[in-house]
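Structural overview
Here are the chains, one letter per residue:
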Amino acid sequence: MKAKLIAVGERAPRWVAEGFEEYRKRLSHWLPLELVEVEPGVRGKNRDVARATADEGARVLAALSKSPLVVTLDGRGRPWSSEQLAQRLEHWRGQGRDLVLLIGGPEGHADDVLARADESWSLGPLTLPHMLVRLVAAEQLYRAAAMLANHPYHRA
Ligand SMILES: C[S@@+](CC[C@H](N)C(=O)[O-])C[C@H]1O[C@@H](n2cnc3c(N)ncnc32)[C@H](O)[C@@H]1O
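Looking at an unreviewed UniProt entry, one finds the protein named Ribosomal RNA large subunit methyltransferase H and attributed to Lysobacter zhanggongensis. One UniProt comment on the protein, placed under Subcellular location (unreviewed entry), says "Cytoplasm". Regarding the protein, the relevant UniProt record gives this comment under Catalytic activity (unreviewed entry): "pseudouridine(1915) in 23S rRNA + S-adenosyl-L-methionine = N(3)-methylpseudouridine(1915) in 23S rRNA + S-adenosyl-L-homocysteine + H(+)".

Next up, the structure:
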């Protein structure tokens, strides 16, 4: 199984890019993870925020490979523990489909994206900045993959 993280938001600061790259590399022999950044919708004076979110959603859906398993990152999703995430990862691997994780824009995910999602993953009830979300998600995927490989990275 391959995984893709599609994130609304471009030009990650260096500390995010380096941190993400660190976990992407560590994950690579267990779960190849590709990052795809999607241009945010235009906001500002005389701009409709709903329209901007819908534009983001259209770009996200256009970036999906064929028939992947789609998981949104969303504060209203399921707050899996790291052990539960490892179980989900094992389950997703058994589906024989590629995995796509989605990070939304400033107002969250577009309705069309929510309608396409198979599952929704919450990192907890706090609203996190989207750049931090990609970093934490990559670390937690690495932790989950390490658990499944009986690697000693995770100590409960
Ligand atoms: C700044 S947040 C958007 C907040 C927006 N008001 C909402 O209700 O979703 C940008 C993106 O970061 C992700 N995100 C933020 N906090 C999260 C959390 N606690 N768990 C999972 N994803 C989160 C989501 O993908 C969200 O669409």
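Considerations on the pattern of salt bridges
All chains considered together, the criterion is met by twelve salt bridges. For Glu18, the salt bridge goes to Arg14, with nearest N and O atoms at 3.4 Å. With a gap of four residues between them, Glu18 and Arg14 both fall in helix 1 (residues 14–27), about one helical turn apart. Here Arg116 makes a salt bridge to Asp118, at a shortest N to O gap of 3.5 Å. Overall, Arg116 belongs to the partly exposed group, its relative accessible area being 27%. Judged by relative accessible area, Asp118 falls into the partly exposed class, the value being 39%. Bridged by salt links that share partners, the residues Arg43, Glu56 and Glu107 form one connected network.

Conventions used here
Residues numbered from 1 in each chain as written. Predicted model: local features only at pLDDT ≥ 70, side-chain atom pairs only at ≥ 80, totals over all residues. Heavy atoms only, no water. UniProt positions renumbered as here; feature names shortened; annotations may be inferred. Salt bridge = Lys/Arg side-chain N within 4 Å of Asp/Glu carboxyl O. Helix = DSSP H or I, 4+ residues; strand = E, 2+ residues; numbered from the N terminus. Buried < 20%, exposed > 50% of the residue type's maximum accessible area, 1.4 Å probe, protein only.

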